[in-house]
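Residue-level listing of the chains:
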Amino acid sequence: MSVASRIMLPHVPVLVAGIRGAVTLEPDGEFRRLSRSEAARYARNESPLVCHGPAVAARLGLDDFLRLDILELFAFVRPARFCLPTPRGLADAMGLPHPADLEDEAEALMTSVRRLLEELAARTNADTAAKAVDTRGLAWMMARGGWGWGNAVLAALGVQGDSGRGGGALRVWDRLPEWSEYAPEPPPGNIPVDPAETRSRLAQMLGEAAEQRPTQADYASAVSRAFQPREAEGQPHLVLAEAGTGTGKTLGYIAPAGLWAEKNGAPVWISTHTRNLQRQLDGELDRLFPNPHDKARKVVIRKGRENYACLLNYEEMVGRNRNQDAAALGLMARWLLATRDGDMVGGDFPGWLVEVLGRARTLGIADRRGECIFSACPHYRKCFIERAVRRARRADIVVANHALVMIQAALGGLDDGTQPTRLVFDEGHHVFDAADSAFSAHLTGMEAAEMRRWVLGPEGEAASRSRARGLHRRAEDLVGGSEDAIAALDAALAAARALPGPGWLARIGEGEPQGPAEAFLALARRQVYARAAHPDSPYSLETETTAPIDGLAETAGALAGALGRIALPLQVLAKALAALLDDEAAELETATRSRIEGICRSIERRVLMPLAGWKGMLDGIIDGTGGRGAGGRPRPPVPTNISTGSRWTGSTAATWTWACTATGSTRRGRSPRRWSSPPTAWSSPRRR
């Protein structure tokens with residue numbers, strides 16, 4: 001049977017909604033003009049074919065309506081590819097003439113349906129047998145789950161009856177490749193980049209037909225000075241460059257960055273302000289690496305873990321086996337098999353798919369609560385994040401964002417403890433805000449509750465709905481031979497119950513806090529409302545911490561002691577786990593070693609470091625200085641104000657003082673400050 005004879009167009013009308021009215025294209029080819037109210041009634045009664053159903057519903061003033069959304073078909077046929085989610089954007093993506101009016105848009109939608117189905121049929125015929133089986137299996141599963149496009153897609157694929165049935169179609173983790181582990185990279189070289197060769201590389205990237213811009217070449221030449229070898233310890237070469245719009249700054253710094261990476265065998269990290277700008281910058285790197293295969297090896301986009309799809313989260317969604325999720329699971333499976341790097345925010349994941357399918361069924365599979373179990377995960381060897389980390393070590397150019405780079409600086413390295421030696425900050429005027437955020441500490445009810453959840457695991461009804469595991473389940477099999485470590489783990493679990501528990505916000509609002517953390521937050525909230533200039537304002541309210549209300553200093557002291565009782569046993573536990581890396585070095589498997597390192601790093605970063613900052617803030621209340629030292633100067637990292645939302649943050653001045661200390665230290669992966677016994681004592685670490 002030919003491809004054309006297998007195409008079965010859905011027998012439904014097309015609805016396109018404009019600003020003042022709407023147009024329908026009936027199955028018999030007749031166009032009808034409707035007012036917005038008429039179009040709303042039509043949409044409820046006819047279940048039409050539309051482009052971006054949520055947007056159409058909003059334009060017609062409807063909460064929702066049954067529909068056939070062409071964007072779902074586009075996502076199935078062209079996974080990990082983007083189009084503007086409008087009839088005109090879809091027409092452009094399909095290579096159709098640009099629609100001139102609503103009638104043209106309606107006709108373009110139906111033409112796009114035919115072309116997408118034809119493309120799917122032809123591509124599947126040309127695919128390998130394994131890929132074709134995957135496609136047919138997913139389509140069969142989605143059709144059985146009630147997907148509106150199911151029958152048309154199965155017909156295009158030539159599937160009849162149960163011939164396309166594939167029980168493992170959703171198990172995409174079985175078909176993804178594993179990442180490879182390599183030997184540690186050697187230290188980077190110290191070969192300089194000459195301004196003359198920078199100009200030559202820039203000219204090569206631009207091509208002979210490019211417009212001559214002398215200022216761009218001058219800019220690139222000036223930037224190359226940042227890539228000279230250091231002449232003294234702690235004194236890197238720094239170039240602050242500013243140029244007007246149209247100069248060509250991006251290619252101006254890419255040229256010397258690429259040269260340095262090639263010469264010295266190490267990556268240059270280019271940081272920009274937002275994740276969307278990262279993708280724009282990625283596009284500019286096509287000039288440096290015109291060969292897509294070379295670019296895939298030499299350019300890596302790096303973001304925080306919360307931006308990437310988690311295969312374990314996806315597996316759990318598959319395990320729920322709900323018919324209403326069938327279409328979303330199938331479309332997510334298609335994307336997971338096609339994505340370049342698993343990046344769901346600003347990557348090749350279409351943002352409109354979140355609106356079409358729902359946030360829980362799309363972005364919900366990302367790890368947004370820090371629940372990664374690292375090497376204990378059955379999909380660890382196929383993890384998108386772990387793959388990106390390893391690729392970044394061997395890349396020439398790593399495109400990051402300011403927030404990630406500043407967190408890296410604050411923590412002394414990211415997942416693997418490495419730090420770049422050459423950095424380029426684009427959109428540099430935004431670096432200060434990113435640094436201020438990374439080097440500050442926030443004592444909030446939400447963050448304290450999240451810490452409790454990380455240590456204890458989910459409690460109450462959430463325990464049956466979440467795969468999150470507390471620290472006991474993460475570490476119990478690793479410390480079974482150490483009585484001291486077991487005792488420390490038990491002590492930490494008991495002490496963590498002093499943090500806000502489930503329902504904390506309601507209890508604080510009702511004046512019935514439980515435990516020292518909730519008691520402190522309740523009094524802090526009372527002080528804010530008592531002293532804020534406009535307590536009825538819908539915006540954030542804040543007040544100074546000086547002259548605390550009755551009981552606030554006492555509850556601050558009680559909370560500081562409780563935090564110390566959490567921190568001290570966790571330090572013992574982390575030390576015991578770290579000792580395993582030396583004592584059993586010969587027997588430990590690579591996965592177990594990585595798991596131990598991950599737990600130690602998580603204890604440090606997710607618990608000990610925040611606790612240290614919180615205790616410094618509480619000390620400012622306890623000693624009555626309100627966060628001020630000698631001469632009224634800010635003393636890091638204590639706060640100068642408290643605000644509503646159970647949020648308490650350090651001041652900017654205090655943050656920057658602390659930032660200088662942290663970045664100047666050579667200790668990696670350690671808290672800027674250390675706990676000592678008794679729990680309310682506070683001391684600074686010795687520098688190494």
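All values derive from a computational prediction rather than experimental measurement. (Residues numbered from 1 in each chain as written. Predicted model: local features only at pLDDT ≥ 70, side-chain atom pairs only at ≥ 80, totals over all residues. Heavy atoms only, no water.)

Asks: For the overall build of the protein chain, give the residues involved together with the corresponding values.
Replies: Scanning the protein chain for helices and strands turns up 28 helices and 15 strands. For the protein chain, the proportion of its 688 residues judged to be buried stands at 51%. Considering only contacts within the protein chain whose residues lie at least 6 apart along the sequence, 68% involve residues at least 24 apart. Looking at the protein chain as shown, the accessible area adds up to about 32200 Å², and 50% of this sits on carbon and sulfur atoms. (Helix = DSSP H or I, 4+ residues; strand = E, 2+ residues; numbered from the N terminus. Buried < 20%, exposed > 50% of the residue type's maximum accessible area, 1.4 Å probe, protein only. Contact = heavy atoms within 4.5 Å. Areas by Shrake-Rupley, 256 points an atom, 1.4 Å probe, with all protein chains shown as cover.)

Asks: With reference to specific residues and values, describe the pattern of salt bridges.
Replies: The tally for this structure, following the rule as stated, stands at 32 salt bridges. R390 is the salt-bridge partner of E386, the closest N and O atoms lying 2.7 Å from each other. Residue E386 and its partner R390 are located together in helix α17 (residues 384-394), separated by four residues, close to a single helical turn. Grouping residues by exposure puts E386 and R390 together as buried. Salt bridges sharing partners connect three or more residues here, namely R279, D282, D286, K295, K303, R340, D341 and D343. (Salt bridge = Lys/Arg side-chain N within 4 Å of Asp/Glu carboxyl O.)

Asks: Help me get a handle on the side chain of D325, residues and values and all.
Replies: With respect to the secondary-structure elements, D325 resides in the loop between α14 (311-320) and α15 (326-338). Judged by relative accessible area, D325 falls into the buried class, the value being 1%. Of note is the side chain of D325, whose polar atom sits 2.8 Å from the side chain of R361. (Polar contact = N/O pair within 3.5 Å; in protein donor to acceptor, adjacent residues only side chain to side chain.)

Asks: How would you explain unusual backbone geometry if you had to name every residue and give the values?
Replies: Phi at H52 is positive, roughly 65°, even though this residue is not glycine. Structurally, H52 is set in the loop between β4 (49-50) and α3 (53-59). Here H52 falls in the buried class, since its relative accessible area comes to 6%.

Asks: So, the packing of helix α23 (residues 483-495) against helix α26 (residues 552-583): which residues are in play, and what are the values?
Replies: Relative orientation of the contacting elements α23 and α26 amounts to 150°, with a least axis distance of 8 Å. As the angle between them shows, α23 and α26 are arranged roughly antiparallel. The two elements α23 and α26 meet at a crossing, and its hand is left-handed. Along its contact with α23, which presents D484, A485, A488, L489, A491, A492 and A495, the element α26 presents R565, I566, P569, L570, V572, L573 and A576. Its residues placed into classes, the contact of α23 with α26 shows 12 nonpolar, no polar and two charged. (Axes fitted to C-alpha atoms, helices over the stretch in contact; angles between N-to-C directions. Parallel < 35°, antiparallel > 145°, perpendicular 65-115°, else oblique. Left-handed = near helix turned anticlockwise from the far one by under 90°. Nonpolar A, V, L, I, M, F, W, Y, C, P; charged D, E, K, R; others polar.)

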